[in-house]
Amino acid sequence: MSKFEYVKLADTIAAEISSGARRPGDRLPPQRSFAYERGIAVSTASRVYTELLRRGLVVGEVGRGTFISGEARRGIAAPAEPRGARVDFEFNYPLLPQQTAMIAKSLAGLERPDALEVALRPATSTGTATTRSISAAYLSRQGWSPNPDHLVFTSNGRQCIAAALAALVPAGGRCGVEALTYPFIKGIAARLGITLVPLSMDEHGVRPDAIQKAHREAHLAALYLQPTIQNPLGITIPLARRNDILRVAEKLDLPIIEDTVYGFLADEAPLAALAPDRCLVVDSLSKKVAPGLALGFIVAPPHLRESVMASVRSGGWTASGYAFAAGQRLMGDGTAAELSRLKRIDAGKRQHLATQRLAGFDIQSDQRSYHLWLALPHHWRSQTFVAAAGRRDIALTPSTTFAIASGHAPNAVRLALGAPSFEQLDAGLRTLASMLRAREEDFDSTE
């Protein structure tokens, strides 16, 4: 069989997966059976399966078979959009039952013609002096108060990351990132022509010696870090480690893109409080308020602000006037702050429930956060576990989605706890616990 023919067979299986005819968790026939069904040699069937494995469409379990991957319909580069699973442990947008009414109250009157006339006007990357002042006050926390004139705005947090990367790292350049990190940065960097260099971590976060080693070998242009309640591991870098990282960054003259999207759940001040001229803080309203009311913030040092503004304009990432108007109201009247306070309470309750339901298993989390990291027992592989959970209408994320270096993902999954109702959360956690407890001899029936 020619290369074209075996690739064509792999394409046929891929099309069946894409169409939904084969679903995540479905088992492919043994290679000998596949060869017999297709009238091909066993060696050719092996090449087909190898090609499917190379594309990330299947996962192989020694002694158990080959399964359609939980990644199959998403690809490795970027997670999919929410898929409407009964229990969504994949996308981490915390929702409170009362938040819609609170937001509606805050935005009352914005539909009036005079208010809309202002809200629908063209906006700039720096907003108005009033918006900057309100935003700076809202972003302030103990130990850190950003200068309003240092603020630049985008439509959401991802655009903040893109704008910061574009401003700091030239096309063809390299940016150091945590070895397991926010997955969307991979697609953003690829589109900007930027190479991400994974930095080794320990229980305190990124290791300073890993930054030095990466810069020595790859000459980094910047760092992207999540110092507080890191996604996916939930690590908050302690003060001593923060100082060590900043000393290394100062020595190597590396700017730091500091993602503080989960910082509202904790009391720690950002790295920028210690090194305001070295750190660009990125944040947004999406998790604090609601995903549909996103407004992104970049707090840039004065010497970098013009470059950030230029990248926002060239990228087409300027926020709309309506987003500014809505955000200004929500921050100005205290609604956004109250939602943040309530979500801190909510996150703690959800973590407590998760800790109870997953007692005895290897979990890593911050009790203040909306996500946790679950290391799997040896008889489960992460993508197979995700696929099996998908068959039970539970969506979660395998470690490969967060890994920067291909093939270096631990055997683990991340659970996002913010979206399900408490009833769904409890039911989903109980189901996952039952799956995790399955004995080796029960594995087939679990699948």
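Asks: Explanation requested: the nonpolar core in the structure shown.
Replies: As a rule of thumb, nonpolar side chains are buried together in soluble globular proteins. Membership of the largest hydrophobic core comes to 59 residues, with the highest contact counts inside it found for I103, I211, L223, I256, V289, L295 and F297. The leading source of residues in this core is helix α12 (residues 321–332), at six residues. Beyond its immediate sequence surroundings of up to four residues, L223 is in contact with C175, G176, L199, I211, L254, P255, I256 and I257.

Asks: For this particular structure, what's the right way to read the pairing of strand β5 (residues 151–154)?
Replies: The side chains of a regular strand alternate between the sheet's two faces. Of the two faces of β5, the one holding L151 and F153 and the one holding V152 and T154 are both buried throughout. Across four bridges, the pairing between β5 and strand β13 (residues 296–299) is antiparallel. When the sheet's bridge partners are listed, L151 is paired in β13 with V299.

Asks: I keep staring at the sheet that holds strand β18 (residues 412–416) and nothing clicks. Help me out?
Replies: Strand pairing in a sheet relies on backbone hydrogen bonds, with the paired strands running either antiparallel or parallel. Strand order across the open sheet formed by four strands is β14-β15-β18-β17, with antiparallel pairing between neighbours. Of all strands in the sheet, those with a lone pairing partner are β14 (362–365) and β17 (397–398), marking the two edges. Examined bridge by bridge, strand β15 (residues 371–375) and β18 share five bridges and lie antiparallel to one another. Note on β18: the bridge partner recorded for A375 is A412.

Asks: Honestly, the packing of aromatic side chains in this entry has me stumped. Any pointers?
Replies: In this description, a pair of aromatic rings is defined by centroid distance and the angle of the planes. Taken as a whole, this structure holds six aromatic pairs when the rule is applied. Between F34 and Y49 the ring centres are 5.3 Å apart and the planes differ by 70 degrees, which places this aromatic pair in the edge-to-face class. Here F34, found in helix α2 (residues 31–38), pairs with Y49, found in helix α3 (residues 42–54); they are 15 residues apart in sequence, far enough to count as distant. Assessed through its relative accessible area of 6%, Y49 is described here as buried. Just above the ring of F184 sits the side chain of R158; from NZ or CZ to the centre is 3.6 Å. In this arrangement the basic side chain of R350 is found over the ring face of F422, its NZ or CZ atom lying 4.6 Å from the centre.

Asks: Help me out: how do you make sense of the environment of L432 in this one?
Replies: If you trace the backbone, L432 turns up in helix α15 (residues 422–436). The exposure class assigned to L432 is buried, which follows from its relative accessible area of 0%. Expressed as a C-alpha distance, the spacing of L432 and S369, which sit 63 residues apart in the sequence, is 20 Å. Ignoring any residue separated from it by four or fewer positions in sequence, one finds L432 in contact with F89, F385, A389, I394, L396 and L415.

How each quantity is defined
Residues numbered from 1 in each chain as written. Predicted model: local features only at pLDDT ≥ 70, side-chain atom pairs only at ≥ 80, totals over all residues. Heavy atoms only, no water. Core = buried A, V, L, I, M, F, W, Y, C linked by side-chain atoms within 4.5 Å. Buried < 20%, exposed > 50% of the residue type's maximum accessible area, 1.4 Å probe, protein only. Helix = DSSP H or I, 4+ residues; strand = E, 2+ residues; numbered from the N terminus. Contact = heavy atoms within 4.5 Å. Pairing = 2+ DSSP bridges. Phe/Tyr/Trp six-rings, centres within 6.5 Å; stacked < 30°, edge-to-face > 60°. Lys NZ or Arg CZ within 6 Å of the ring centre and 35° of its normal.

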